[in-house]
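This is what each chain is made of:
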Amino acid sequence: MVIEGGWITDIDSSRPPVPEGATVIDVQGKTLMPGLIDCHTHPAVVDMDVTGMAEWSPTYVAARAARALDGMLRRGFTSIRDVGGGELGLARAVEEGYFPGPRIFYGGKQLTQTGGAGDWRSPSRQVYDANYHTPAIGVICDGVSEVRRAVREEVRRGAHHVKAYLSGAVDSPSDRVDSTQFSLEELRAMVEEATAANIYVAGHAYTSRAINRGLECGVRTIEHGNLMDESSIPLFHEHGAFYVPTMVTYHALARAGEQGHLHGEVGAKLEDVLDRAIGALELAHRSDLKIAYGTDLFADMHDQQLEEFVLRSEVQPAAAILRSATVVGAELLGRSGELGVVAPGARADLLVVDGDPLSDIRVLTRPQENLKVIMKDGGTIKNEL
């Protein structure tokens, strides 16, 4: 393989002559694979107290996010999709080399209705700080005109997608997991504005009731979907939508709850979604949905990012899981042929693994031991060969 200017320019099994002046890395006996893609991340949500964090200095949040991003890169993730909290400044800092980390496809603030999953006000609080640069993860918008403006604001700031709450969330203070959020008119307006800008809407949803409303309105990706049933499957196929399960975050939250880090409402809602997550993934895999790899971790839980591989292996073969974290993720991001593949014309985002993930997916969960080379855009992040 020949890499020039951050791109793979040639692959030849006959061992072509080494270009003059090239650095040579011999990976014989190892597995060469594309860099991983996590399609549901929150590196800028840096503390378990998500409501308290909304009051913090954004520069302090960025400093802590930098550590999370560096950790992701060293676990082999060369691209991520930030679906709440990340924005232009964080993505630009990585792109220009101020922070080491995976390239960031960001959506900015998550769109939420009043009292929705992205409304982080406590029930007794009236005022919401509309300053965009506070670390609050959501922007409140009610009615078609406010929704249109909110999407246009994210487009103006360079968003690669728009994230919206179609249902309640586990970690939100004032809504139910089984609720639906936003009217159909609001959802259609949201999708219309995103489509006009050649981006898409990602929808947070748990039940098929919420999922189906979103898919029927043109939402392109469904995040979580733990309580999904068979009724959603035809709609995924009809609209060519992607499914992004995030099982590891619920296991991480459960462990945090055992240590007393969750308030009562979160613990109660967590029980509703934890047990059914694996069944929803099994249904999606059996139905041949386009399943991307996502983790939804935040605060100090990012070190569990690779455990999603192990959880999925209960119902998916290793090859399907690896496709989720490479070629399917690239397709979701609109970067097929550029990311998630080892091929001429692709970015030189590469991993060299001591072991065969197709035989044992767990080799990827020990990056310090098994990840021998990490390369992003042709630049060497780690080389132990």
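Below is a summary of the structure that appears in this document. (Residues numbered from 1 in each chain as written. Predicted model: local features only at pLDDT ≥ 70, side-chain atom pairs only at ≥ 80, totals over all residues. Heavy atoms only, no water.)

## Regarding helix 5 (residues 184–196)
An ideal rise of 1.5 Å per residue puts 18 Å on 13 residues; helix 5 measures up with 18 Å between its terminal C-alpha atoms. By the burial criterion, the buried members of helix 5 are Glu 186, Leu 187, Ala 189, Met 190, Val 191, Glu 193 and Ala 194. Tucked inside the fold, the buried residues of helix 5 contact strand 7 (110–112), helix 4 (144–156), strand 9 (162–165), strand 10 (201–207) and helix 6 (208–216). Positive backbone phi, at 60 degrees, marks Asn 198, one or two positions downstream of helix 5. (Helix = DSSP H or I, 4+ residues; strand = E, 2+ residues; numbered from the N terminus. Expected span 1.5 Å × (residues − 1). Buried < 20%, exposed > 50% of the residue type's maximum accessible area, 1.4 Å probe, protein only. Contact = heavy atoms within 4.5 Å.)

## Re the packing of helix 4 against helix 5
Helix 5 packs onto helix 4 with a crossing angle of 30 degrees between their chain directions and a minimal axis gap of 9 Å. With respect to each other, helix 4 and helix 5 are oriented roughly parallel. Considering how the two elements wind past one another, helix 4 and helix 5 form a crossing that is right-handed. Here helix 4 contributes Val 144, Val 147, Arg 148, Val 151 and Arg 152 to the contact with helix 5, which in turn contributes Glu 185, Glu 186, Ala 189, Met 190, Glu 192, Glu 193 and Ala 194. (Axes fitted to C-alpha atoms, helices over the stretch in contact; angles between N-to-C directions. Parallel < 35°, antiparallel > 145°, perpendicular 65-115°, else oblique. Left-handed = near helix turned anticlockwise from the far one by under 90°.)

## Observations concerning the side chain of Thr 207
Among the structural elements, Thr 207 can be located in strand 10. For Thr 207, a relative accessible area of 12% gives the class buried. When residues no more than four places from it in sequence are discounted, the contact partners of Thr 207 are Asp 178 and Leu 227.

## Digging into the sheet that holds strand 14 (residues 350–353)
One open sheet holds the four strands; their spatial order is 3-14-15-16, and the pairing between them is antiparallel. Unpaired on one side and paired on the other, strand 3 (31–34) and strand 16 (379–383) mark the two borders of the sheet. Averaged over all adjacent pairs, the angle separating strand axes in this sheet is 15 degrees, with direction ignored. For strand 15 (residues 371–376) and strand 16, the ladder comprises four bridges, and the chain directions are antiparallel. In the strand pairing of strand 16, Val 373 is matched with Asn 383. Running at roughly 115 degrees to strand 15, helix 2 (residues 58–74) makes contact with strand 15 and strand 16 of the sheet. (Pairing = 2+ DSSP bridges.)

## Looking at the packing of aromatic side chains
Overall, the coordinates contain five aromatic pairs when judged by the stated rule. Between Trp 56 and Tyr 60 the ring centres are 5.4 Å apart and the planes differ by 55 degrees, which places this aromatic pair in the tilted class. Assessed through its relative accessible area of 42%, Tyr 60 is described here as partly exposed. Between the aromatic rings of Tyr 206 and Tyr 250, the centroid separation amounts to 6.3 Å while the plane-to-plane angle is 65 degrees, which identifies the pairing as edge-to-face. (Phe/Tyr/Trp six-rings, centres within 6.5 Å; stacked < 30°, edge-to-face > 60°.)

## A word on the sheet that holds strand 5 (residues 77–82)
The three strands are arranged 4-5-6 in an open sheet whose pairing can be described as parallel. Across the chains shown, the open sheet's two edge strands, defined by having one partner strand only, are strand 4 (36–41) and strand 6 (103–106). Mean inter-strand twist for the sheet, computed between neighbouring axes without regard to direction, equals 20 degrees. Direction of pairing for strand 4 relative to strand 5: parallel, over a ladder of four bridges. Residue pairing in the sheet places Ile 37 in a bridge with Ser 79 of strand 5. Lying on the sheet, helix 2 is in contact with strand 4, strand 5 and strand 6; it crosses strand 5 at an angle near 130 degrees.

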